[in-house]
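Chain residues, written in single-letter form:
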Amino acid sequence: MKKLFIKTYGCQMNVYDSARMADLLAPLGYAPVQEPDDADMVILNTCHIREKAAEKVYSELGRLRRMKERKTQSGGSMLIAVAGCVAQAEGAEIVARQSAVDIVVGPQSYQRLPEMIARVSRGTGRALETDFPAEDKFDSLPEELSSSGPTAFLTVQEGCDKFCTFCVVPYTRGAEFSRSVAQIETEARKLVAKGAREITLLGQNVNAYRGAGEDGEPSSLAKLIRHLANIDGLERLRFTTSHPRDMDDDLIAVHGEVEKLMPYLHLPVQCGSDRILAAMNRQHKAGDYLKLVERIRDARTDIALSSDFIVGFPGESDKDFEATLSLVRDVGYAQAFSFKYSPRPGTPASTAAKQIPDEVKVARLAALQGLLTAQQKAFNQSCEGRSMAVLFEKAGRKAGQAVGRSPYLQPVHVDGAGDLIGEIRHVRIESVLPNSLKGVFADPPRVLEPATQSMAAQ
Ligand code: SAH
Ligand code: SF4
Ligand code: F3S
């Protein structure tokens, strides 16, 4: 057996791709390991979204080069591959900056990894693939999935045609593409057979999904969700990431209709100023977003909302930033991610005049995060004393404890749930910790062992 170490950066789509790369290399004798030290092959599945994300890759590559040298000196070998969005964006530049890299492969071409490894192993130099091949990547991936935990990701849509002026994704992931309903259903059934109870449907623009339905006509995300909800053993569905422009009436209605669809929606707005939203090319106004939130809450009253925010976009004034804070106060988020604007090479906003000084970005980020953290705390606090269904995912830190997720995606710890991984139980939330909830079983107690029963009776 050869040892394969994959390190994943960036979004959930990269997590999905990393799992598929592992599936792809399993028939070649590669088995995943948790540490890079002694690995025969290391893949960095990278993210290009912000400068920091991309720079992390180069410091990691420096560390790997030293490991590779040590391994070569002791007669071994280590292949180093850079995959993902940095690979797509920077291509051969990566090898120029770090010569220890053997393979550079973009997110649309990783199905070609086995032949690339063969090429490099034959000693014919490095391998580089960053085109967008005409073949359907998903058709070329292995049918066999090696494993699945209780929760799984399933990519249903890739790429982006929206071209927000700050974002690299349309360049690194290419044009929007949707997989067919049949292909997705087959994969979902396999995941369920391997133990998945919850599936999160993924896409850079997942609600722009238009894959071929069973009649050959383009389907929609709403139809896909209704279809997948019929799969026995699949208990929960989620989807991410949605663009506000593609939240149509039918998709909103599904939230009130399909019980398996969890009441949590990540709906990034980025900012609350109409002027900045226009400069970002988001193609909606703050008021449109607020109306949309109202309609979604009408369909599913208990829905928890989350969002992404960018502060310090070029030209953002104090007044624009105030509008963001005001939108956040109006919506009330259960959770959110916020970032300082990072100018990305090749994107229109990176060359815009009026770039915002870092100290202003830092101050705005702190103010926004203060507000968002307070909202998250308030949402979590509102759950105290409530009962909710928790899907247990993994063992907790304490013996016998397990951690699961509430319908609202909050981590929930329960003592005595250690043998319930992969199962859903009703849990009453007893206390709110900084990053999670703690609960006790709210179900009628499980049947006691006879010995325990007689002891209890004494
Ligand atoms: N498709 C999703 C976003 C994918 S990128 C959407 O349309 O919302 C994830 C998040 O990274 C974005 O929502 C945005 O908040 C952030 N982001 C993207 N480019 C960025 C940049 N140049 N600087 C800072 N944050 C950025
Ligand atoms: Fe990037 Fe905008 Fe596309 Fe989201 S919708 S991936 S932010 S270009
Ligand atoms: Fe990053 Fe690429 Fe995802 S840039 S956020 S890994 S699509």
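All figures in this text were calculated on a predicted structure; none of them were measured in a lab. (Residues numbered from 1 in each chain as written. Chains lettered and ligands numbered in written order. Predicted model: local features only at pLDDT ≥ 70, side-chain atom pairs only at ≥ 80, totals over all residues. Heavy atoms only, no water.)

Trainee: If you had to explain the sheet that holds strand 10 (residues 198-202) to someone new, which residues and values would you point to?
Mentor: Spatial strand order, 7-10-11: three strands in an open sheet with parallel pairing. Of all strands in the sheet, those with a lone pairing partner are strand 7 (151-155) and strand 11 (236-240), marking the two edges. Strand-to-strand twist in this sheet, taken as the mean axis angle between neighbours without regard to direction, amounts to 25°. Here strand 7 pairs with strand 10 via five bridges, running parallel. (Pairing = 2+ DSSP bridges. Helix = DSSP H or I, 4+ residues; strand = E, 2+ residues; numbered from the N terminus. Axes fitted to C-alpha atoms, helices over the stretch in contact; angles between N-to-C directions.)

Trainee: Hey, could you go over the environment of Glu-69 for me, with residue numbers and the actual values?
Mentor: As for its position among the elements, Glu-69 is in helix 2 (residues 51-73). The exposure class of Glu-69 is partly exposed, given its relative accessible area of 38%. (Buried < 20%, exposed > 50% of the residue type's maximum accessible area, 1.4 Å probe, protein only.)

Trainee: Outline the site of ligand 3, supporting the account with residue identities and numerical values.
Mentor: Every residue close to ligand 3 is listed here: Cys-11, Asn-14, Thr-46, Cys-47, His-48, Ile-49, Cys-85, Arg-173 and Gln-204. Class assignment for the residues of the shell around ligand 3 results in four nonpolar, four polar and one charged. (Near = heavy atom within 4 Å. Nonpolar A, V, L, I, M, F, W, Y, C, P; charged D, E, K, R; others polar.)

Trainee: Quick one: what's the story with the domain arrangement of the protein, residue by residue and with numbers?
Mentor: Taken domain by domain, the protein comprises domain 1 (2-129), domain 2 (147-262) and domain 3 (387-449). Once you take the C-alpha centre of each, domain 1 and domain 3 turn out to be 37 Å apart. (Domains from an automatic or database assignment.)

Trainee: Let's hear about the environment of Asp-131: which residues, and what values?
Mentor: Along the chain, the position of Asp-131 falls in the loop between strand 6 (127-129) and helix 6 (137-140). For Asp-131, a relative accessible area of 38% gives the class partly exposed. With 182 residues separating them along the chain, Asp-131 and Phe-313 place their C-alpha atoms 31 Å apart. If sequence neighbours within four positions are ignored, Asp-131 has contacts with Gln-108, Ser-109 and Arg-112. (Contact = heavy atoms within 4.5 Å.)

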